[in-house]
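Listed here are the chains, written in short residue letters.
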Amino acid sequence: MILFLEQKLVIDQETITRVEKVELESARDIPANSLKVRLHVRQNDDSLNIKQGDTVIWEAGYKKKGDGMTTFVEEFRGTITEIMPTRPLEFIAKDDMFLLSLKMIRKNFSSMPVSAYASKILDEAGINAVIKCDSSVSGIKVSENIAGHSARYALWKLRDPKYGCDVFFKGNTLYIENQFDKKEKKPSAMFSFYQDIISSN
């Protein structure tokens, strides 16, 4: 069976068809996931109005030989933070953890369940995201003096051993998972390590 890797890049609701290179850096222990994109040399940069702050959505998926459609999986959603003065045009986008690092929390929280705590942090930061929280940790009570700290710092406090959570964004969803209860999850798309991944830490 022959599979073809395809991708879809949307910037500020405009689909970009000519893309030369995409590098996704994604891990649970980095401040924010990032996407580096280089447009194809044949893409007319002058026709694009790409600017810092634009929303970026990148989807990828495989298509079987002979099939007419590809089932795309959203791998990244974020905001353009840097545009390089190069031709062809290159830019870097970061996910909502980056935006959370720019938002300050102005109050403390006491004896609040993990799921409610995360919801309050996102509300305080003005981030509209879906929250998926493992039932095994959702009821853990959180008490933190976080006034004056960033919203990202507030969420990362859930990684402390006393709470035992993993916290990360994938697309428009904030996942809060149990660090010590990892279950095998069938991926919605399986990529070839040797063909699609540059390196793994």
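Here's a quick rundown of the structure.

What counts, and where the lines are drawn
The numbering scheme is per chain: residues are counted from 1 as the chain's sequence reads. For a predicted model such as this one, the threshold for reporting local features is a pLDDT of at least 70, and the threshold for listing and counting side-chain atom pairs is 80 or more; totals across whole chains, interfaces and linings nevertheless cover every residue. As a rule here, side-chain values cover all heavy atoms of the structure and leave hydrogens and water aside. Strand pairing requires that DSSP identify at least two bridges connecting the strands. Under the scheme used here, helices are H or I runs from DSSP no shorter than 4 residues and strands are E runs no shorter than 2 residues, and both carry numbers assigned from the N terminus. Helix axes are fitted only over the stretch in contact, all axes being lines through C-alpha atoms; the angle between N-to-C directions runs from 0 to 180 degrees. The criterion used for residue contact is that any of the two residues' heavy atoms lie within 4.5 Å.

Here the focus is the sheet that holds strand β12 (residues 173-178). A sheet is described by the order of its strands in space; here three strands give the open sequence β9-β12-β11, paired in mixed fashion. Sheet topology places β9 (130-133) and β11 (165-170) at the edges, where each strand pairs with a single neighbour. Strand-to-strand, the axes of this sheet are offset by a mean angle of 15°, without reference to chain direction. In this structure, β9 lies alongside β12, joined through four bridges in parallel fashion. Note on β12: the bridge partner recorded for Lys-132 is Tyr-175. Contacts from helix α2 (residues 114-125) reach β9, β11 and β12 within the one sheet, and its direction differs from that of β9 by about 160°.

On the basis of which strands lie adjacent, the open sheet formed by seven strands has the order β2-β1-β5-β6-β7-β4-β3 and antiparallel pairing. Where the open sheet ends on each side, the last strands, each with one partner, are β2 (14-16) and β3 (19-25). Going across the sheet, the axis of each strand differs from the next one's by a mean of 30°, ignoring polarity. Direction of pairing for β3 relative to strand β4 (residues 34-39): antiparallel, over a ladder of six bridges. Bridge pairing in β4 places Lys-21 opposite Arg-38.

Functional significance is not addressed by these values, which are geometric in nature.
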